[in-house]
Amino acid sequence: MTLSIYNTLTRRQEPFSPIEPNHVRLYVCGMTIYDLCHVGHARMMMAFDVVQRWLRASGYRVTYVRNITDIDDKIIRRALERGIPIRQLTEEMTRAMHEDTAQLGIEPPTHEPRATEYVGQMVSLISTLEAKGLAYRAADGDVNYAVRRFPGYGKLSGKSLDQLRAGERVAVSDGKEDPLDFVLWKAAKESEPEDAKWEAPFGKGRPGWHIECSAMSCALLGEHFDIHGGGMDLQFPHHENEIAQSEGALGRPFVNVWMHNGFLNVDNEKMSKSLGNFFTIRDVLQSYDGETVRFFMLRTHYRSQFNYSDTNLEDARHALRRLYTALDSVAPAEVAIDWSQPQAARFKAAMDDDFNTPEAVAVLFELAGEVNRSRSAETAGLLKALGATLGLLQGDPRAYLQGGRSGLDESAIQAQIEARAAAKKAKNFAEADRIREALAEQGIVLKDTPQGTTWVKA
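Worth saying up front: this structure is predicted, and the values here are computed from it rather than measured. (Residues numbered from 1 in each chain as written. Predicted model: local features only at pLDDT ≥ 70, side-chain atom pairs only at ≥ 80, totals over all residues. Heavy atoms only, no water.)

## Focus: the overall build of the chain
Right, on to step 1. The number of helices and strands found in the chain is 16 helices and 15 strands.
Right, on to step 2. In terms of overall size, the chain behaves like a compact globule, its C-alpha atoms giving a radius of gyration of 24 Å where 458 residues would be expected to give roughly 23 Å.
Right, on to step 3. For the chain, the spread of C-alpha atoms along the principal axes amounts to about 75 × 55 × 35 Å.
Right, on to step 4. Split into buried and exposed, the 458 residues of the chain put 53% on the buried side. (Helix = DSSP H or I, 4+ residues; strand = E, 2+ residues; numbered from the N terminus. Rg over C-alpha atoms; globule rule 2.2 N^0.38 Å. Buried < 20%, exposed > 50% of the residue type's maximum accessible area, 1.4 Å probe, protein only.)

Written out as structure tokens, the structure is:
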């Protein structure tokens with residue numbers, strides 16, 4: 001069986017073949033870094049971490065780009081609230097994101113471009129759209145994209161222009177010719193800080209959100225690439241607008257396959273601060289180790305709705321311990337995966353079926369059962385090797401099984417210590433105290449000395 005992927009654009013699952021033989025170019029919309037990442041962000045990054053891991057396990061060379069949006073209304077507002085430069089805020093939040101993703105076993109992308117590093121490319125793209133009559137300068141100084149001038153707008157969302165426009169109105173001060181038009185360049189406002197403004201032919205200002213991804217993906221992957229991914233919430237308008245911008249400017253297909261991961265709920269309700277069910281990744285890691293959280297997420301197919309709950313997390317922790325118990329009982333042999341071996345073949349068939357991780361995980365449990373019965377080091381080795389393709393089961397089994405009250409292993413504890421040191425260096429003492437207290441609640445006591453920070457279990 002060859003790899004097939006559900007393509008949101010065509011609304012069907014299709015055999016996958018890269019544009020360039022044996023080389024997959026993948027772009028995923030990343031974080032807008034004004035705050036700590038939450039579990040919904042983790043779900044998205046986890047989904048595409050598995051995608052890029054399996055592509056590599058399948059023999060492809062992968063160029064994986066996941067951007068950082070480091071200029072945005074929310075970023076400007078948060079920096080002003082805290083009285084710090086925008087760059088200081090985005091550096092702090094980027095460090096936090098990297099610390100969190102490392103604990104979840106999410107591998108760094110090949111490239112992690114920042115929007116502010118590609119403003120020149122965005123200006124060039126906007127200028128091309130303006131020259132082609134697809135963009136216009138509004139009375140308020142913004143540059144907007146004229147949606148109705150682009151044939152095929154709505155093909156990703158599957159809606160007509162009239163359906164998309166239903167219920168919308170143009171604000172008097174908006175400056176748009178049509179409610180569906182979207183901003184490509186935002187004119188600078190006097191109230192905004194200078195580090196949020198760039199010079200451009202259409203006046204000082206900053207790029208709109210949608211143009212950022214078109215510019216960065218084309219710069220790093222070319223004008224036509226294989227896979228573009230992101231959360232289901234980005235399908236419209238963000239990804240629809242990316243298609244309009246990129247294909248409108250370049251006059252050629254933009255992306256072959258569009259992938260979207262399903263929504264995340266908390267206890268079967270949408271996650272929301274107003275409902276009191278909002279969790280950052282760090283909130284979760286106070287009580288559960290990163291591998292348990294990873295395993296928990298991989299038990300649900302990436303396109304399915306994902307339900308976060310403590311009950312489900314506890315179940316995942318017990319299930320992962322069963323796999324590690326098998327590896328602890330028999331030392332795994334070093335094995336190269338033979339994909340013709342029956343369990344390996346079923347694992348591969350599951351992953352080739354649109355990255356069906358629940359079915360692949362079921363094979364891991366089948367192997368664990370066989371290890372317990374046969375005491376075979378080779379079977380244990382296959383269990384560990386297949387787990388590696390999902391970013392699982394690579395820790396020391398005994399260390400995992402004997403972890404602290406939360407199941408934190410030494411690497412996870414050390415990552416928290418490093419995060420605390422970074423917080424102290426940034427003079428974010430509230431965050432440093434929070435990390436110390438969170439570790440203490442899990443039975444880990446920190447001791448600061450002139451030589452550094454050590455820890456003991458209470």
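From this point on, the discussion continues.
## Some words on the packing of helix H10 (residues 310-329) against helix H13 (residues 377-389)
Right, on to step 1. With their axes 9 Å apart at the nearest point, H10 and H13 run at an angle of 140 degrees to one another. The orientation of H10 with respect to H13, classified from their angle, is oblique. Between H10 and H13 the crossing geometry is left-handed. Along the contact surface, H10 presents Leu323, Ala326 and Leu327, while H13 presents Ala380, Leu383 and Lys384.
Right, on to step 2. In the contact of H10 with H13, the residues fall into five nonpolar, no polar and one charged. (Axes fitted to C-alpha atoms, helices over the stretch in contact; angles between N-to-C directions. Parallel < 35°, antiparallel > 145°, perpendicular 65-115°, else oblique. Left-handed = near helix turned anticlockwise from the far one by under 90°. Contact = heavy atoms within 4.5 Å. Nonpolar A, V, L, I, M, F, W, Y, C, P; charged D, E, K, R; others polar.)

## Observations concerning the environment of Thr311
Right, on to step 1. Of note, Thr311 is situated in helix H10.
Right, on to step 2. Taking the C-alpha atoms as reference points, Thr311 and Asp100, separated by 211 residues in sequence, lie 22 Å from one another.

## Describing the pattern of salt bridges
Right, on to step 1. Applying the stated criterion across every chain, the model contains 33 salt bridges.
Right, on to step 2. Here Asp328 ties to Arg398 by a salt bridge, and the two come within 2.9 Å at their closest N and O atoms. Here Arg398 lies in helix H14 (residues 397-401) and Asp328 lies in helix H10, a separation of 70 residues in the sequence.
Right, on to step 3. For Arg398, a relative accessible area of 40% corresponds to the partly exposed category.
Right, on to step 4. Through salt bridges that share partners, Asp49, Arg53, Glu107 and Arg294 make up one connected network. (Salt bridge = Lys/Arg side-chain N within 4 Å of Asp/Glu carboxyl O.)

It is worth stressing that arrangement in space is one thing and function is another; only the former is reported here.
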